[in-house]
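# Examining the three-dimensional arrangement
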Amino acid sequence: MENNSSMRKWLDDFKLSHPLVIAGPCSAETEEQVMKIAKELKDSDVSIFRAGIWKPRTRPGGFEGVGAIGLKWLQKAKAETGLLMAVEVANAAHVKLALEHDIDVLWIGARTTVNPFAVQEIADALQGTDKIVLVKNPVNPDLGLWIGGVERLYNAGIEKLGVIHRGFSTYEKTKYRNIPEWQIAIELQQRFPDLPLICDPSHITGNRNMIQEVSQQALDLNYDGLIIETHTDPDNAWSDAAQQVTPDALKQIFINLKVRKETDQGDDYNHRMAGLRINIDEYDARILEILGKRMKVSDQIGALKKERNVAVLQNKRWSEILEKMIAEGAAKGLSEDFILRIFKAIHQESIVHQERVINNNN
Ligand code: PEP
Ligand code: MN
């Protein structure tokens, strides 16, 4: 697949706003809920209404979606509001039902993009249609797999394409629900500048208080649109309650957002610099996260030494660690002086932690 300007033509054809705004609940719950939210989003920046009908839950037992009945509610919402309707599809049966109910936009979820069999089945079921299809990034940070998903649709003749960046799973606990790894989306954008790139701050953050910040970062990086989960009663949503915002909060987010103009030469510098700074911020946050975890292990070591009445300072072990770090640091282009300074500081902090545990007699 080569970059192709036809990929973004649908944005102009539908005269969709810049940035493109997709909003609506994580899940369709009842007909009343769908109609209420859609009506509140009608006269706003929103062009496309989203609602999950089939919900891929990580573990069984959660709300797995209302199923096909929800498609009727979306048809009704479309008739009453004129908004385009979007649902997630994960197999050929979903595609068939969505087509029968005149759904405008189909998105492929992160747990489906990881599976080429499933994506191919969806692409085959869509052959010959002219639906807009958006491919979420796979849950794992694999750019090839993400591009592969788009290619399967492109090869099936789907031209109205886009990608949704919703962040990536990690075992590490971070301030994000799914870490953004912005550089992956930026690389995709550089390889396919005409493939519309949409950010999903809801699933990246998992937290409604961070949506503004991540939305702004996406616009600074020249994303084409945002998909934001919106619910009239977020706290009582049947799925993803913590990350949904009210329609009023969504409006406020768009009032606050600084929307970038078309890129020119000067903007190219700003755009690239914004990308690099976001990466630096992300790595710094991770360094802090890891240092915090490392010190917790020091506390546990302190507790064990206390239990066994062992001295805090174990010089031999420490020299061995340093030697290893100097060698590994050199391979990464880090000077010996830097490694010595940084690990000395870490070691000192570690001793402070261990002594605190040992001297605490509780
Ligand atoms: C969703 O959009 O509600 C969803 C399930 O997202 P993801 O596939 O990104 O987890
Ligand atoms: Mn969701």
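Refer to the preceding data block for the structure.
We now turn to the structure provided with this report. Small disclaimer: the values here were computed from a predicted structure and weren't measured.

## Some words on the sheet that holds strand β8 (residues 225–229)
One closed barrel accounts for eight strands, arranged β1-β2-β3-β4-β5-β6-β7-β8; its pairing is parallel. The sheet shows a mean angle of 25° between the axes of neighbouring strands, direction not considered. Of the pairings in the sheet, the one linking strand β1 (residues 20–24) to β8 comprises five bridges and is parallel in character. Bridged to Gly 24 within β8 is Glu 229. Contacting β2 (48–50) and β3 (84–88), helix α3 (residues 69–81) crosses the sheet at an angle of about 160° to β3.

## Description of the site of ligand 1
Near ligand 1 you find Cys 26, Arg 50, Lys 55, Glu 88, Trp 107, Gly 109, Ala 110, Arg 111, Lys 136, Arg 166, His 203 and Glu 229, and these make up its full shell. At 2.9 Å from an oxygen atom of ligand 1 is found a main-chain nitrogen or oxygen belonging to Ala 110. His 203 is positioned such that a nitrogen or oxygen atom in its side chain is 3.3 Å from an oxygen atom of ligand 1. Look at ligand 1: alone it shows 290 Å² of surface, and the protein chains cover 97% of it.

## Side note on unusual backbone geometry
The phi dihedral of Asn 222 is positive, around 70°, even though this residue is not glycine. Structurally, the position occupied by Asn 222 is in the loop between α10 (211–220) and β8. Its identity is not glycine, yet Asn 309 carries a phi of approximately 60°, on the positive side. Residue classification places Asn 309 among the exposed residues on the basis of a relative accessible area of 72%.

## Some details on the packing of aromatic side chains
A full pass over the atoms with the stated rule returns two aromatic pairs. With 5.1 Å between their ring centres and 90° between their planes, Phe 63 and Trp 238 make a pair best called edge-to-face. With Phe 63 in the loop between β2 and α3 and Trp 238 in the loop between β8 and α11 (247–256), the pair connects residues that are 175 residues apart, well separated along the chain. Residue class for Trp 238 comes out partly exposed when judged on its relative accessible area of 43%.

## Concerning the environment of Leu 16
Turning to its location among the elements, Leu 16 is positioned in the loop between α1 (9–13) and β1. Take Leu 16: its relative accessible area is 16%, and that puts it in the buried class. Considering only alpha carbons, one finds Leu 16 and Asp 45, 29 residues apart in sequence, at a separation of 9.6 Å. Residue contacts for Leu 16: discarding those within four places in its chain leaves Trp 10, Leu 11, Ser 47, Ile 48 and Leu 84.

## Some details on α10
The α-helix advances 3.6 residues per turn, and as a result positions three or four apart in sequence lie on the same side. Burial analysis of α10 places seven of its ten residues in the buried class, the great majority of the element. Ile 211, Val 214, Ser 215, Gln 216, Gln 217, Ala 218 and Leu 219 are the residues of α10 that are buried. Residue Asn 222 follows α10 closely and has a positive phi angle near 70°.

## Thoughts on the pairing of strand β5 (residues 132–136)
Taken across its five residues, β5 has five buried, putting it largely inside the fold. Burial along β5 is two-sided: the residues Ile 132, Leu 134 and Lys 136 and Val 133 and Val 135 are all buried. Two strands pair when backbone bridges link them, and strand β4 (residues 105–108) and β5 are joined in this way by four bridges, in the parallel orientation. Across the sheet, the residue bridging to Leu 106 is Val 133, located in β5. In this structure, β5 lies alongside strand β6 (residues 161–165), joined through four bridges in parallel fashion. Looking across to β6, one finds that Val 133 is bridged to Leu 161.

## Let's talk about the state of the cysteines
Tallied over the full model, the rule gives zero disulfides. Left unpaired, Cys 199 is separated from the closest cysteine sulfur, that of Cys 26, by 16 Å. Overall, the relative accessible area of 0% leaves Cys 199 in the buried class.

The rules we used
Residues numbered from 1 in each chain as written. Chains lettered and ligands numbered in written order. Predicted model: local features only at pLDDT ≥ 70, side-chain atom pairs only at ≥ 80, totals over all residues. Heavy atoms only, no water. Pairing = 2+ DSSP bridges. Helix = DSSP H or I, 4+ residues; strand = E, 2+ residues; numbered from the N terminus. Axes fitted to C-alpha atoms, helices over the stretch in contact; angles between N-to-C directions. Contact = heavy atoms within 4.5 Å. Near = heavy atom within 4 Å. Polar contact = N/O pair within 3.5 Å; in protein donor to acceptor, adjacent residues only side chain to side chain. Areas by Shrake-Rupley, 256 points an atom, 1.4 Å probe, with all protein chains shown as cover. Buried < 20%, exposed > 50% of the residue type's maximum accessible area, 1.4 Å probe, protein only. Phe/Tyr/Trp six-rings, centres within 6.5 Å; stacked < 30°, edge-to-face > 60°. Disulfide = S-S within 2.5 Å.

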